[in-house]
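# Breakdown of the fold
These are the residues of each chain, in order.
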Amino acid sequence: MTNGSAGLEERQPVAYVELDGVGKRYAELAAVVDLTLSVGRGEFFSLLGPSGCGKTTTLRVIAGLEPLTTGTVAIDGCLASSPGYTRPPEKRGVGIVFQDYALFPHLRVEENIGFGLHGQAKPVVAGRVAELLELVGLGGMGKKYPHQLSGGQKQRVALARSLAPCPSVMLLDEPFSNLDAELREGLRRETKEILKAGGTTVILVTHDQEEAFSLSDRIGLLHAGRLEQVGTPYQVYHNPASRFVAGFVGKVDYFPARVHGNLLVTELGTFPHYGVPAAEVVDVMVRPDDVRVFPDPQGEAVIADAQFLGAEALYRLELPNGQSLHSAGLSANLLPRGTRVRLSVDLPHTVCFPRSGQ
């Protein structure tokens with residue numbers, strides 16, 4: 001439970017992709033369980049979660065590549081899947097970009113992009129391919145083969161190929177995970193700009209929280225086939241609905257707090273709250289960016305470990321009671337291990353959970 005600013009307000013776009021009670025089983029394995037979700041027209045939505053949580057299975061059900069076991073999928077108000085019925089993928093108006101590009105090695109770039117435009121007049125296809133090559137920054141490279149391209153260029157071709165038939169929904173299955181860090185950051189930013197400019201509804205599958213946060217209007221976090229929380233990146237990070245969500249989207253520590261009226265009393269200070277679990281003692285969530293440290297020979301904590309992470313430093317602090325706490329700060333004045341420090345804890349979003357073990 002939380003208090004404090006709700007942060008950026010969650011927008012409510014017109015529903016375009018709707019999943020109602022969707023379940024998918026493989027023999028005895030329940031890959032997706034009772035998943036209900038609406039994605040708005042023109043929204044960039046991410047399904048975030050660890051490996052094996054059901055993200056890709058959900059995406060394949062939306063695409064029509066997997067039949068569902070229970071529930072329904074609707075796209076633009078029309079039934080796409082139900083038990084015993086699966087509209088073919090090519091009739092759903094969806095484009096798919098996979099992690100491994102899936103380009104045809106024997107076709108040139110322009111032929112790969114135009115593959116989904118069979119049946120249209122050659123001048124129309126050539127015009128559309130040329131337009132897309134410019135859009136993804138590959139103008140003049142239409143005659144090359146996939147083996148002549150870098151990883152980033154291959155992914156741009158895969159994106160252009162999926163965009164060629166003008167899909168209303170784009171499904172992205174971890175499309176940037178095989179790229180190096182610098183290229184990945186640039187390409188995902190460009191991909192978002194391209195898709196947003198076309199008003200395309202986007203559903204991205206990723207296990208990378210930074211990727212989901214930087215790209216998404218909203219995020220749905222999956223755990224063991226179940227939807228744990230849906231919200232803006234701000235809401236999911238600052239107001240997590242469960243301990244699993246809190247830990248998955250960032251480093252977190254918990255401290256016991258005694259409830260006294262509308263106050264939480266902890267070793268780190270006293271904080272206000274507006275509703276907590278029905279218990280005398282609760283666990284309060286503290287993130288590293290909530291904690292500031294100041295060198296002080298009389299301070300209550302000692303730096304047990306200091307990690308230099310570029311612009312940021314991450315400290316592990318030891319408190320008198322033996323508990324550890326993490327603090328993040330600028331790395332320009334990196335404090336060494338063994339430094340005694342005093343703490344300043346600011347909790348603008350007091351997040352509480354029932355005490356562990358109760």
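See above for the structure.
This section reports on the structure supplied with the text. (Residues numbered from 1 in each chain as written. Predicted model: local features only at pLDDT ≥ 70, side-chain atom pairs only at ≥ 80, totals over all residues. Heavy atoms only, no water.)

## Structural notes on the packing of aromatic side chains
Note the following rule: Under the pairing criterion, centres of Phe, Tyr and Trp rings, with the six-membered ring standing for Trp, must be within 6.5 Å; the plane angle then separates stacked pairs below 30 degrees from edge-to-face pairs above 60, leaving the rest tilted. Note on conventions: DSSP H or I runs of at least 4 residues are helices, E runs of at least 2 residues are strands, and numbering of each starts at the N terminus. A positively charged side chain is recorded as over a ring if its NZ (Lys) or CZ (Arg) lies within 6 Å of the ring centre. The angle to the ring normal must also be within 35 degrees.
Counted under the stated rule, the structure contains 4 aromatic pairs. Consider the rings of Tyr254 and Phe353, whose centres lie 6.1 Å apart with planes at 75°: the pair is edge-to-face. Pair noted here: Tyr254 is in strand S12 (residues 253–260) and Phe353 is in strand S21 (residues 352–354), with a separation of 99 residues, a long-range link. If you follow Lys24 out to its NZ or CZ, it ends over the ring of Tyr26, 4.9 Å from the centre. Residue placement shows Arg287 over the ring face of Tyr237; its charged tip is 4.2 Å from the ring centre.

## Overview of the sheet that holds strand S19 (residues 324–330)
We apply this condition: Two strands make a pair as long as DSSP finds a minimum of two bridges between them. In this description, a line fitted to the C-alpha atoms serves as the axis of each element, helices being fitted only across the stretch in contact, and the angle between N-to-C directions of two axes falls anywhere from 0 to 180 degrees.
Pairing in this open sheet of 5 strands is antiparallel, and the strands run S16-S20-S17-S18-S19 from one edge to the other. For this open sheet the edge positions go to strand S16 (291–295) and S19, each flanked by a neighbour on one side alone. Each neighbouring strand pair of the sheet contributes to a mean axis angle of 45°, computed without reference to strand direction. Bridge analysis of S16 against strand S20 (residues 340–345) gives 5 bridges, and the strand direction is antiparallel. Paired with Val293 across the two strands is Leu343, which belongs to S20.

## Points about the pairing of strand S5 (residues 78–82)
With 3 bridges joining them, strand S4 (residues 70–75) and S5 adopt antiparallel strand pairing. Each bridged residue has a counterpart across the sheet, and for Ile75 the counterpart in S5 is Cys78. Hairpin remark: S4 followed by S5, antiparallel, with 2 residues in the connecting loop; positive phi at Asp76, about 55°.

## Focus on empty space enclosed by the protein
Quick reminder of the rule: Using protein atoms alone on a 1 Å grid, points that fit a 1.4 Å probe yet trap it form a cavity, whereas open point sets bounded by protein on both sides within 12 Å along at least five of seven lines form a pocket; residues with an atom within 4 Å of a point count as lining. Grid points are joined across faces, edges and corners, and a volume is the space filled by probe spheres set on the points. Gly is placed with the polar residues, together with every amino acid not listed as nonpolar (Ala, Val, Leu, Ile, Met, Phe, Trp, Tyr, Cys and Pro) or charged (Asp, Glu, Lys and Arg).
Tallying each qualifying case throughout the model produces 2 cavities of 30 Å³ or more. One number sums up the size of the largest cavity: a volume of about 70 Å³. Lining the largest cavity are Tyr237, His238, Met285, Arg287, Asp289, Asp290, Leu347, Pro348 and His349. Of the residues that constitute the lining of the largest cavity, the class distribution is 4 nonpolar, 2 polar and 3 charged.

## A closer look at the environment of Arg156
For the record, the criterion: What makes two residues a contact is simply this: any of their non-hydrogen atoms within 4.5 Å. Any pair of N or O atoms that falls within 3.5 Å is considered a polar contact. Within protein, one atom must be able to donate a hydrogen and the other to accept it, and sequence-neighbouring residues count only if both atoms are side-chain atoms.
On the secondary structure map, Arg156 appears in helix H4 (residues 151–163). Each C-alpha atom of the pair Arg156 and Thr339 lies 49 Å from the other, and the pair is 183 residues apart in sequence. Excluding anything up to four places from it in sequence, Arg156 contacts Val136, Gly137, Leu138, Leu187 and Glu190. A polar side-chain atom of Arg156 sits 3.0 Å from the main-chain carbonyl oxygen of Val136.

## Topic: the layout of surface pockets
Looking at the largest pocket, its volume works out to about 520 Å³. As for the largest pocket, its lining consists of 16 residues, and the residues nearest its centre are Val94, Gly95, Ile96, Ser162 and Pro165. Here the lining of the largest pocket takes 3 residues from strand S7 (residues 94–97), the largest share from any one element. Class assignment for the residues of the lining of the largest pocket results in 10 nonpolar, 4 polar and 2 charged. Here the second largest pocket is characterised by a volume of approximately 240 Å³. Lining the second largest pocket are 15 residues, with Glu110, Glu111, Gly114, Val125 and Val129 positioned closest to its centre.

## Notes on unusual backbone geometry
Applied cut-off: We call a residue buried when its accessible area falls under 20% of the maximum for its residue type, exposed when it is over 50%, and partly exposed in between, using a 1.4 Å probe and counting protein chains only.
With phi around 55°, Asp76 is a residue other than glycine that occupies positive phi space. Mapped onto the fold, Asp76 is located in the loop between S4 and S5. By relative accessible area, which is 41% here, Asp76 ends up partly exposed. Phi is positive for Glu174, close to 45°, though the residue is something other than glycine. As for its placement among the helices and strands, Glu174 is situated in the loop between strand S8 (169–173) and helix H5 (181–197).

## A short note on the side chain of Thr58
Mapped onto the elements of the fold, Thr58 is located in helix H1 (residues 55–63). Of the residues examined, Thr58 reaches a relative accessible area of 2% and is grouped as buried. Of the polar contacts made by the side chain of Thr58, one reaches the backbone oxygen of Gly54; its length is 2.8 Å. When neighbours within four sequence positions are excluded, Thr58 is seen to be in contact with Leu19, Val32, Leu35, Leu47 and Leu222.

## Observations concerning the pairing of S19
Pairing analysis gives 7 bridges linking strand S18 (residues 312–318) to S19, with the strands arranged antiparallel. Looking across to S19, one finds that Leu317 is bridged to Leu325. Here S18 hands over to S19 after 5 residues, with Gly322 in that stretch at a positive phi of 90°.

## Notes on the environment of Val73
Turning to its location among the elements, Val73 is positioned in strand S4. Measuring from C-alpha to C-alpha, the distance between Val73 and Ser38 comes to 9.9 Å, with 35 residues separating the pair along the chain. Those residues in contact with Val73 that sit more than four places away from it in its chain are Glu18, Leu19, Val22, Val61, Ile62, Leu68, Cys78, Leu79, Ala80 and Ser81.

## A word on the pattern of salt bridges
Definition in use: We count a salt bridge whenever a side-chain nitrogen from Lys or Arg sits within 4 Å of a carboxyl oxygen from Asp or Glu.
Using the criterion set out here, one finds 14 salt bridges in the structure. Of the charged contacts in the structure, one is a salt bridge between Arg128 and Glu131, with a shortest N-O distance of 3.2 Å. Of this pair, Arg128 and Glu131 both sit in helix H3 (residues 122–135), 3 residues apart, which is roughly one turn of the helix.

Purely spatial values, then, with no claim about function.
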